[in-house]
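Single-letter residue listing:
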Amino acid sequence: MACYFEWEMGRPLFITFEGLDGSGKSTHLRRARRWFVEAGMPVIETQEPGGTPLGKAIREVFLDPAWTSLDGTVETLMVFASRRQHLLEVIEPAIESGSYVLCDRFTDSTYAYQGYGRGVSQALLRRADELATGGRTPDRTLLFDLPAEVARRRGHSPSRQLRDGGIDRLDSEDLAFYERVRRGYLALAERSPERFFLIDSSGSLDDTEGNVRRALADLIPSLETVR
Ligand code: TYD
(Lines give C-alpha, C1' and ligand atoms only; values in the text may rest on other atoms or scores of the structure.)
Protein backbone atom coordinates (compact mmCIF):
# COMPACT_ATOMS: atom_id res chain seq x y z
CA MET A 1 0.00 0.00 0.00
CA ALA A 2 1.33 3.45 -0.87
CA CYS A 3 2.12 5.62 2.11
CA TYR A 4 0.45 9.02 2.12
CA PHE A 5 3.69 10.92 2.67
CA GLU A 6 5.24 9.35 -0.41
CA TRP A 7 2.69 11.16 -2.51
CA GLU A 8 3.50 14.40 -4.19
CA MET A 9 2.58 17.74 -2.67
CA GLY A 10 -0.57 19.47 -3.82
CA ARG A 11 -2.86 16.67 -2.73
CA PRO A 12 -6.47 17.77 -2.54
CA LEU A 13 -6.64 17.70 1.25
CA PHE A 14 -9.67 19.87 1.82
CA ILE A 15 -12.79 18.02 0.66
CA THR A 16 -16.32 19.26 1.24
CA PHE A 17 -19.64 17.45 1.10
CA GLU A 18 -22.53 19.62 -0.02
CA GLY A 19 -26.18 19.19 -0.85
CA LEU A 20 -29.73 19.68 0.33
CA ASP A 21 -30.83 18.55 3.76
CA GLY A 22 -31.84 14.92 3.22
CA SER A 23 -29.39 14.37 0.34
CA GLY A 24 -27.42 11.79 2.34
CA LYS A 25 -24.16 13.74 2.34
CA SER A 26 -23.51 13.26 6.07
CA THR A 27 -23.97 9.48 5.89
CA HIS A 28 -21.59 9.27 2.93
CA LEU A 29 -19.07 11.54 4.61
CA ARG A 30 -18.88 9.14 7.56
CA ARG A 31 -18.41 6.19 5.18
CA ALA A 32 -15.72 8.04 3.25
CA ARG A 33 -13.91 8.82 6.47
CA ARG A 34 -13.79 5.10 7.23
CA TRP A 35 -12.17 4.40 3.84
CA PHE A 36 -9.42 6.93 4.56
CA VAL A 37 -8.83 5.42 8.02
CA GLU A 38 -8.74 1.87 6.61
CA ALA A 39 -6.18 2.99 4.03
CA GLY A 40 -3.99 4.37 6.84
CA MET A 41 -4.43 7.95 5.64
CA PRO A 42 -4.70 10.80 8.17
CA VAL A 43 -8.19 12.29 8.11
CA ILE A 44 -10.52 14.41 10.21
CA GLU A 45 -14.26 14.83 9.93
CA THR A 46 -15.85 18.17 10.73
CA GLN A 47 -19.03 20.15 10.14
CA GLU A 48 -20.58 23.57 9.51
CA PRO A 49 -22.13 25.43 11.09
CA GLY A 50 -20.17 23.98 13.98
CA GLY A 51 -16.77 22.34 14.12
CA THR A 52 -15.59 24.34 17.17
CA PRO A 53 -17.18 25.17 20.54
CA LEU A 54 -18.03 28.64 19.21
CA GLY A 55 -19.39 27.13 15.98
CA LYS A 56 -21.61 24.76 17.93
CA ALA A 57 -23.00 27.66 19.95
CA ILE A 58 -23.68 29.60 16.73
CA ARG A 59 -25.31 26.50 15.20
CA GLU A 60 -27.76 26.26 18.12
CA VAL A 61 -28.85 29.87 17.66
CA PHE A 62 -28.83 29.57 13.86
CA LEU A 63 -31.25 26.62 13.83
CA ASP A 64 -33.41 27.75 16.76
CA PRO A 65 -37.02 28.20 15.56
CA ALA A 66 -37.40 30.98 18.13
CA TRP A 67 -35.76 33.31 15.56
CA THR A 68 -38.38 32.93 12.88
CA SER A 69 -37.65 36.04 10.88
CA LEU A 70 -33.86 36.17 10.76
CA ASP A 71 -32.65 38.37 7.94
CA GLY A 72 -30.54 36.64 5.27
CA THR A 73 -27.60 38.96 5.86
CA VAL A 74 -27.70 38.21 9.59
CA GLU A 75 -27.64 34.49 8.74
CA THR A 76 -24.68 35.13 6.45
CA LEU A 77 -22.72 36.90 9.17
CA MET A 78 -23.46 34.10 11.63
CA VAL A 79 -22.26 31.29 9.38
CA PHE A 80 -19.14 33.22 8.35
CA ALA A 81 -18.29 33.95 12.00
CA SER A 82 -18.49 30.23 12.69
CA ARG A 83 -16.48 29.49 9.51
CA ARG A 84 -13.59 31.83 10.31
CA GLN A 85 -13.10 30.30 13.74
CA HIS A 86 -13.42 26.83 12.22
CA LEU A 87 -10.75 27.58 9.61
CA LEU A 88 -8.33 29.04 12.14
CA GLU A 89 -8.87 26.49 14.89
CA VAL A 90 -9.46 23.24 13.01
CA ILE A 91 -9.26 23.17 9.22
CA GLU A 92 -6.01 24.99 8.43
CA PRO A 93 -3.99 23.33 11.25
CA ALA A 94 -5.17 19.89 10.07
CA ILE A 95 -4.28 20.63 6.44
CA GLU A 96 -0.92 22.02 7.53
CA SER A 97 -0.19 18.74 9.31
CA GLY A 98 -0.96 16.82 6.10
CA SER A 99 -4.34 15.48 7.13
CA TYR A 100 -7.32 15.15 4.83
CA VAL A 101 -10.24 17.26 6.04
CA LEU A 102 -13.73 16.00 5.23
CA CYS A 103 -16.06 18.88 5.92
CA ASP A 104 -19.84 18.60 5.98
CA ARG A 105 -20.80 21.93 4.30
CA PHE A 106 -18.66 25.02 3.76
CA THR A 107 -19.02 28.31 1.86
CA ASP A 108 -20.96 26.75 -1.04
CA SER A 109 -23.80 26.21 1.47
CA THR A 110 -23.88 29.94 2.11
CA TYR A 111 -23.99 30.80 -1.59
CA ALA A 112 -26.76 28.22 -2.09
CA TYR A 113 -28.89 28.81 1.04
CA GLN A 114 -28.38 32.49 1.84
CA GLY A 115 -27.70 33.53 -1.76
CA TYR A 116 -30.11 31.54 -3.90
CA GLY A 117 -32.47 30.56 -1.06
CA ARG A 118 -32.78 33.87 0.80
CA GLY A 119 -31.80 36.27 -1.97
CA VAL A 120 -28.67 37.77 -0.37
CA SER A 121 -26.65 39.36 -3.17
CA GLN A 122 -23.59 37.61 -4.59
CA ALA A 123 -21.62 40.84 -4.05
CA LEU A 124 -22.37 40.85 -0.32
CA LEU A 125 -21.58 37.16 0.01
CA ARG A 126 -18.25 37.65 -1.76
CA ARG A 127 -17.36 40.54 0.59
CA ALA A 128 -18.21 38.51 3.68
CA ASP A 129 -16.33 35.53 2.27
CA GLU A 130 -13.26 37.64 1.58
CA LEU A 131 -13.34 39.08 5.09
CA ALA A 132 -13.89 35.77 6.88
CA THR A 133 -11.86 33.30 4.82
CA GLY A 134 -9.87 35.31 2.28
CA GLY A 135 -12.00 33.56 -0.36
CA ARG A 136 -10.72 30.11 0.69
CA THR A 137 -12.22 27.37 -1.46
CA PRO A 138 -12.07 23.61 -0.89
CA ASP A 139 -9.84 21.51 -3.15
CA ARG A 140 -12.70 19.19 -4.03
CA THR A 141 -16.45 19.35 -3.48
CA LEU A 142 -18.83 16.41 -3.71
CA LEU A 143 -22.29 17.77 -4.48
CA PHE A 144 -25.07 15.34 -3.59
CA ASP A 145 -27.82 16.21 -5.99
CA LEU A 146 -31.46 15.12 -6.03
CA PRO A 147 -34.84 16.77 -6.57
CA ALA A 148 -35.83 18.96 -3.62
CA GLU A 149 -39.11 17.09 -3.29
CA VAL A 150 -37.31 13.75 -2.81
CA ALA A 151 -34.88 15.29 -0.30
CA ARG A 152 -37.80 16.72 1.70
CA ARG A 153 -39.53 13.34 1.78
CA ARG A 154 -36.42 11.64 3.12
CA GLY A 155 -36.38 13.78 6.23
CA HIS A 156 -33.39 14.86 8.24
CA SER A 157 -30.43 13.63 10.18
CA PRO A 158 -30.85 12.92 13.91
CA SER A 159 -28.50 15.88 14.57
CA ARG A 160 -31.36 18.15 13.44
CA GLN A 161 -33.90 16.77 15.92
CA LEU A 162 -34.82 19.41 18.47
CA ARG A 163 -34.98 18.46 22.12
CA ASP A 164 -38.73 19.03 22.20
CA GLY A 165 -39.19 16.88 19.06
CA GLY A 166 -40.07 19.90 16.91
CA ILE A 167 -38.48 20.97 13.62
CA ASP A 168 -35.69 23.53 13.36
CA ARG A 169 -35.71 26.90 11.63
CA LEU A 170 -34.32 25.77 8.26
CA ASP A 171 -36.42 22.63 8.30
CA SER A 172 -39.59 24.69 8.29
CA GLU A 173 -38.78 26.34 4.94
CA ASP A 174 -41.09 25.43 2.05
CA LEU A 175 -40.34 23.38 -1.06
CA ALA A 176 -39.80 26.48 -3.23
CA PHE A 177 -36.93 27.54 -0.95
CA TYR A 178 -35.23 24.15 -1.35
CA GLU A 179 -35.77 24.22 -5.12
CA ARG A 180 -33.95 27.57 -5.25
CA VAL A 181 -31.15 26.15 -3.11
CA ARG A 182 -30.79 23.16 -5.46
CA ARG A 183 -30.67 25.43 -8.51
CA GLY A 184 -28.02 27.48 -6.71
CA TYR A 185 -25.87 24.44 -6.04
CA LEU A 186 -26.08 23.35 -9.68
CA ALA A 187 -25.11 26.85 -10.83
CA LEU A 188 -22.10 26.82 -8.48
CA ALA A 189 -21.02 23.43 -9.82
CA GLU A 190 -21.31 24.65 -13.38
CA ARG A 191 -19.15 27.66 -12.55
CA SER A 192 -16.30 25.58 -11.03
CA PRO A 193 -16.25 22.22 -12.83
CA GLU A 194 -12.60 21.63 -11.84
CA ARG A 195 -13.58 21.41 -8.18
CA PHE A 196 -17.09 19.92 -8.18
CA PHE A 197 -18.06 16.26 -8.50
CA LEU A 198 -21.77 15.94 -9.10
CA ILE A 199 -23.08 12.89 -7.22
CA ASP A 200 -26.55 11.70 -8.18
CA SER A 201 -28.08 10.84 -4.82
CA SER A 202 -31.64 10.22 -5.93
CA GLY A 203 -31.15 6.43 -5.93
CA SER A 204 -30.37 3.90 -3.22
CA LEU A 205 -27.62 4.40 -0.63
CA ASP A 206 -25.54 1.77 -2.45
CA ASP A 207 -25.88 3.47 -5.84
CA THR A 208 -24.84 6.76 -4.30
CA GLU A 209 -21.94 5.12 -2.50
CA GLY A 210 -20.68 3.84 -5.86
CA ASN A 211 -20.63 7.44 -7.11
CA VAL A 212 -18.78 8.62 -3.99
CA ARG A 213 -16.16 5.90 -4.39
CA ARG A 214 -15.55 7.02 -7.97
CA ALA A 215 -15.17 10.63 -6.83
CA LEU A 216 -12.47 9.63 -4.31
CA ALA A 217 -10.81 6.74 -6.16
CA ASP A 218 -7.77 8.75 -7.26
CA LEU A 219 -7.01 9.66 -3.62
CA ILE A 220 -7.39 6.26 -1.97
CA PRO A 221 -5.47 3.72 -4.06
CA SER A 222 -6.93 0.73 -2.22
CA LEU A 223 -10.53 1.84 -2.72
CA GLU A 224 -12.68 -0.71 -4.49
CA THR A 225 -14.73 1.16 -7.10
CA VAL A 226 -16.46 -1.69 -8.89
CA ARG A 227 -19.65 -2.61 -7.06
P1 TYD B 1 -26.55 20.47 8.42
O2 TYD B 1 -26.08 20.25 9.79
O3 TYD B 1 -25.65 20.05 7.31
O4 TYD B 1 -27.91 19.69 8.28
P5 TYD B 1 -28.13 18.24 7.72
O6 TYD B 1 -27.12 17.34 8.38
O7 TYD B 1 -29.56 17.91 8.09
O8 TYD B 1 -27.93 18.35 6.23
O9 TYD B 1 -26.93 21.99 8.18
C10 TYD B 1 -27.81 22.69 9.00
C11 TYD B 1 -28.59 23.71 8.21
O12 TYD B 1 -27.83 24.92 8.07
C13 TYD B 1 -28.97 23.27 6.80
O14 TYD B 1 -30.36 23.48 6.62
C15 TYD B 1 -28.23 24.22 5.89
C16 TYD B 1 -27.99 25.43 6.76
N17 TYD B 1 -26.81 26.23 6.37
C18 TYD B 1 -26.97 27.47 5.78
O19 TYD B 1 -28.11 27.92 5.56
N20 TYD B 1 -25.86 28.21 5.44
C21 TYD B 1 -24.59 27.76 5.65
O22 TYD B 1 -23.61 28.45 5.31
C23 TYD B 1 -24.43 26.47 6.28
C24 TYD B 1 -23.05 25.94 6.55
C25 TYD B 1 -25.56 25.74 6.62
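(A) How the structure looks around the site of the ligand. Taken together, 20 residues surround the ligand, and among them D21, R59, R105, T110 and Q114 come closest. A distance of 3.4 Å separates an oxygen atom of the ligand from a polar atom in the side chain of Q47. Here the ligand loses 98% of its free accessible area of 550 Å² to cover by the protein chains. Listed by contribution, the elements that provide at least two residues to the shell around the ligand are α1 (25-38), α2 (53-63), α3 (72-96) and α4 (107-117). Considering every element that reaches the shell around the ligand, the biggest residue donor is α4, with four residues. Class assignment of the residues belonging to the shell around the ligand gives a composition of six nonpolar, six polar and eight charged.

(B) A look at the sheet that holds strand β3 (residues 100-104). Spatially, the five strands line up as an open sheet ordered β2-β3-β1-β4-β5, and their pairing is parallel. Each edge of the sheet is formed by a strand with only one pairing partner; in this case those strands are β2 (43-47) and β5 (196-200). For this sheet, the mean angle separating the axes of adjacent strands, direction not counted, is 20°. In this structure, β2 lies alongside β3, joined through five bridges in parallel fashion. Bridging across to β3, Q47 finds its partner in D104. Across the sheet, α4 lies against β1 (14-19), β4 (140-145) and β5, angled at about 25° from β1, the strand it touches most.

(C) Region of interest: the packing of α4 against helix α7 (residues 175-191). The geometry of α4 relative to α7 is characterised by a closest axis approach of 8 Å and an angle of 130° between their N-to-C directions. Between α4 and α7, the interaxial angle falls into the category oblique. Of the two possible hands of crossing, α4 and α7 adopt the one that is right-handed. Contact with α4, carried on its side by D108, S109, Y111, A112, Y113, Y116 and G117, involves F177, Y178, R180, V181, G184, Y185, A187, L188 and R191 of α7 and no other residues of that element.

(D) The nonpolar core, seen in detail. I15, F36, L142 and L216 are the most contacted members of the largest nonpolar core, which has 29 residues in total. Among the elements of the structure, β1, α1, α3, β3, β4 and α8 (205-216) are those that each provide at least two residues to this core. Discounting chain neighbours no more than four positions away, the residues touching L142 are I15, T16, F17, E18, F197, I199, V212, A215 and L216. One finds I58, F62, L146 and F196 within the second-largest nonpolar core, a separate group that totals 24 residues.

(E) Structural view of unusual backbone geometry. Residue P49 is reached from E48 by a cis peptide bond, and omega for that bond is -15°. Within the element layout of this structure, P49 appears in the loop between β2 and α2. Of note, the phi angle at R105 is positive, near 80°, even though the residue is not glycine. Note on placement: R105 falls in the loop between β3 and α4.

(F) The packing of aromatic side chains, seen in detail. A full pass over the atoms with the stated rule returns seven aromatic pairs. The interplanar angle of 45° and the centroid separation of 4.9 Å between the aromatic rings of F36 and Y100 together place this pair among those described as tilted. Here F36 is found in helix α1, whereas its partner Y100 is found in strand β3, with 64 residues between them in sequence. Residue Y100 is classed as buried on the basis of its relative accessible area, which comes to 0%. Geometrically, the ring pair formed by Y113 and Y178 is edge-to-face, given 6.3 Å between the ring centres and 85° between the ring planes. Of this pair, Y113 sits in helix α4 while Y178 sits in helix α7, placing them 65 residues apart in sequence.

(G) Structural detail: helix α5 (residues 122-133). Taking 1.5 Å of rise per residue, 12 residues should cover 16 Å, and α5 covers 16 Å from first to last C-alpha, within 8% of that figure. Of all the residues in α5, the buried ones are L125, A128, D129, A132 and T133. Buried residues of α5, viewed axially, fall in a sector of 105°; they line one side. Turned more than 90 degrees off the buried face of α5, the exposed positions are R127, E130 and L131. Where α5 is buried, its residues meet α3 and α4. Following α5 by one or two positions, G134 adopts a phi angle in the positive range, close to 70°.

Conventions we followed
- Residue numbers run consecutively from 1 along every chain, following the written order of its sequence.
- Under the rules for a predicted model, residues below a pLDDT of 70 receive no local features and side-chain atom pairs below 80 are neither given nor counted, while totals for whole chains, interfaces and linings still include all residues.
- Excluding hydrogens and water, the side-chain figures rest on all heavy atoms present in the structure.
- By convention in these notes, a residue is near a molecule or strand provided one of its non-hydrogen atoms lies within 4 Å of it.
- The term polar contact refers here to a pair of N or O atoms within 3.5 Å; inside protein, the definition further demands a hydrogen-donor-capable atom paired with an acceptor-capable atom, and it admits residues adjacent in sequence only when both atoms are side-chain atoms.
- Using a 1.4 Å probe, the Shrake-Rupley method yields the accessible areas, and only the shown protein chains count as cover for residues.
- Strands here are runs of E lasting at least two residues and helices are runs of H or I lasting at least four, both read from the DSSP assignment and numbered beginning at the N terminus.
- Amino acids outside the nonpolar list (Ala, Val, Leu, Ile, Met, Phe, Trp, Tyr, Cys, Pro) and the charged list (Asp, Glu, Lys, Arg) are all regarded as polar, and Gly is one of them.
- In this description, strands pair whenever DSSP reports at least two bridges between them.
- Here, axes are lines fitted to C-alpha atoms. For helices the fit covers the stretch in contact, and angles between N-to-C directions go from 0 to 180 degrees.
- Note on contacts: a residue pair qualifies if any of its non-hydrogen atoms lie within 4.5 Å across the two residues.
- Each angle gets one of four labels, with under 35 degrees taken as roughly parallel, over 145 as roughly antiparallel, 65 to 115 as roughly perpendicular, and the rest as oblique.
- Handedness of a crossing is defined here by the sense of rotation of the near helix relative to the far one, left-handed for an anticlockwise turn of less than a right angle and right-handed for a clockwise turn.
- Here, the term nonpolar core denotes a set of buried Ala, Val, Leu, Ile, Met, Phe, Trp, Tyr and Cys residues that are joined through side-chain atoms within 4.5 Å.
- Note on classification: 1.4 Å probe, protein chains only; a residue is buried when its accessible area is under 20% of the maximum for its type, exposed when over 50%, partly exposed between these limits.
- Pairing of aromatic rings covers Phe, Tyr and the six-membered ring of Trp, with a centre-to-centre limit of 6.5 Å; geometry is then stacked below 30 degrees between planes, edge-to-face above 60, and tilted otherwise.
- The span one expects for a helix is its residue count, reduced by one, times 1.5 Å.
- It is the directions from the helix axis to the C-beta atoms that the arc portrays.

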